[in-house]
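# Commentary on secondary and tertiary structure
So you can see what is in the structure, the chains are spelled out below.
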Amino acid sequence: MFQTLIKTSIFWTLELAEVPGLSTVRGVDLYPPPETWLPPNCIMEVDDVLQEWTWRDQFDLVHLRQMMGSFTIPEWNKFYKQCYDNIKPGGWIEQMEGNPRVRCDDGSVPDDNSCLLFGLQCCDAADNWGRPVTWADNMKDEMEKAGFVDIHVKEYQWPIGAWAKDPILKEAGRLHYHQWTSGMEGWAMFFLTKYGVPEPWTVEEVQVLMAKVRKEIQNPRNHIYQVARRVWGRKPTAEEEEARKKTKGTEAKDKEIKAEPKDN
Ligand SMILES: C[S@@+](CC[C@H](N)C(=O)[O-])C[C@H]1O[C@@H](n2cnc3c(N)ncnc32)[C@H](O)[C@@H]1O
């Protein structure tokens, strides 16, 4: 039986449920899903993953995506600990996050470009709020701290707009352009008017910034992108856990021996 806990888009959750061999796919969010038809092995639940987990079976995989800005650092620690405790020995965790910082490598936009400014300002505001949106930078270390091993990291360039030559990146950029034009003003409005640094922005200031952003991302000469990161790691098997405990025990004994006072 393959049990998966998912915090990702409904579409991916549904696709995953149809993969042969996956017995149960559980999607969780604070809000109900927009879909009403679900395959029988796909369960959508409204739940808060920061509360104590009450699922009876352990999971083979916990996958989460775009959760940056959802939790404070202590909440992230608690979350990874619950993942660790509720994944089967040898099972996996996988997380994908984008970083809101906007980058440009070829000097095609000036440093005061509004998209670059947008990224920096939102990151500062999220830090000010205590829920970092740059969580992609922390995932590997925090998973390691929770006890996961065999951790892999993969980075993806995520163009904003269809300026890339590579057809896949071009398509990703085209889709990302629509995300920016439809969703980013809401994001900026929340972060900057509530937690803007050094002072909260006015609604009008945010509207002016976002009007400039929308104009700039239409220009195919502006080669701007974000970085998305995928990190995945494994819970040690029972044998690995046993070996780890033994090594820890031996190290502790060695320390005790070294700390013993010398006889006069
Ligand atoms: C940026 S959206 C990403 C949605 C989805 N993971 C995706 O990749 O399309 C973040 C989601 O996390 C959910 N969320 C935030 N805190 C949560 C919590 N404590 N428990 C469950 N879901 C939570 C929000 O309701 C929101 O739908």
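Quick look at the structure, then. (Residues numbered from 1 in each chain as written. Predicted model: local features only at pLDDT ≥ 70, side-chain atom pairs only at ≥ 80, totals over all residues.)

## Observations concerning the nonpolar core
Where we set the bar: We define the nonpolar core as any set of buried residues of the types Ala, Val, Leu, Ile, Met, Phe, Trp, Tyr and Cys, connected via C-beta atoms lying within 7 Å of each other. Buried residues are those with 20 or more other C-beta atoms within 10 Å of their own C-beta, exposed residues have 12 or fewer, and partly exposed residues lie in between; C-beta atoms are placed from the backbone. Counting from the N terminus, the helices are DSSP H or I runs at least four residues long and the strands are E runs at least two residues long. Contacts here follow a simple rule: the backbone-placed C-beta atoms of the two residues must lie within 7 Å.
With 42 residues, the main nonpolar core has Cys122 and Ala188 as its most contacted residues. Among the elements of the structure, strand 4 (59–65), helix 2 (73–86), strand 5 (87–103), helix 3 (114–129), helix 4 (139–146), helix 5 (167–195), helix 6 (203–216) and strand 7 (225–234) are those that each provide at least two residues to this core. Top element by residues in this core is helix 3. It accounts for 6 residues. When sequence neighbours within four positions are dropped, the list of residues in contact with Ala188 reads Phe118, Cys122, Val206, Leu209 and Met210.

## What to know about helix 6
Defined as follows: What a helix is expected to span follows from its residue count: subtract one and scale by 1.5 Å. The directions considered for the arc run from the helix axis to the C-beta atoms.
With 14 residues, helix 6 ought to run about 20 Å at 1.5 Å a step, and its terminal C-alpha atoms sit 20 Å apart, in line with that. Every buried residue of helix 6 is accounted for by Val206, Met210 and Val213. Buried residues of helix 6 fall within an arc of 50° about the axis and therefore sit on the same side. In helix 6, the exposed positions angled more than 90 degrees off the buried face are occupied by Glu204, Ala211 and Lys215. Looking at the buried residues of helix 6, the elements they touch are helix 3 and helix 5.

## Description of the packing of helix 3 against helix 5
Let me state the cut-off plainly: Note on geometry: axes are lines fitted to C-alpha atoms, helical ones only across the stretch in contact, with angles between N-to-C directions running from 0 to 180 degrees. Roughly parallel here means an angle under 35 degrees, roughly antiparallel means over 145, roughly perpendicular means 65 to 115, and every remaining angle is called oblique. What makes a crossing left-handed is the near helix being turned counterclockwise from the far one by less than a right angle; a clockwise turn instead makes it right-handed. By the convention adopted, Pro, Cys, Tyr, Trp, Phe, Met, Ile, Leu, Val and Ala count as nonpolar, Lys, Arg, Asp and Glu as charged, and the other residues, Gly among them, as polar.
Packing of helix 3 against helix 5 brings their axes to within 9 Å, and their N-to-C directions diverge by 55°. With respect to each other, helix 3 and helix 5 are oriented oblique. In terms of crossing hand, the pair formed by helix 3 and helix 5 is left-handed. Facing Phe118, Gln121, Cys122, Ala125, Ala126, Asn128 and Trp129 of helix 3, the residues of helix 5 in contact are Trp187, Ala188, Phe191, Leu192 and Tyr195. Along the lines of polarity and charge, the residues of the contact of helix 3 with helix 5 split into 10 nonpolar, 2 polar and no charged.

## Looking at the environment of Leu5
One can find Leu5 in strand 1 (residues 3–7). Overall, the presence of 24 C-beta atoms within 10 Å leaves Leu5 in the buried class. Taking the C-alpha atoms as reference, Leu5 lies 4.7 Å from Val62; in sequence the two are 57 residues apart. Other than its neighbours up to four places away in sequence, Leu5 contacts Arg26, Val28, Phe59 and Val62.

## Overview of the packing of helix 2 against helix 4
Viewed as axis vectors pointing N to C, helix 2 and helix 4 meet at an angle of 55°, and their least axial separation amounts to 9 Å. Between helix 2 and helix 4, the crossing angle belongs to the class labelled oblique. Both helix 2 and helix 4 take part in a crossing whose hand is right-handed. On helix 4, the residues touching Trp76, Asn77, Tyr80, Lys81 and Tyr84 of helix 2 are Glu142, Met143 and Ala146.

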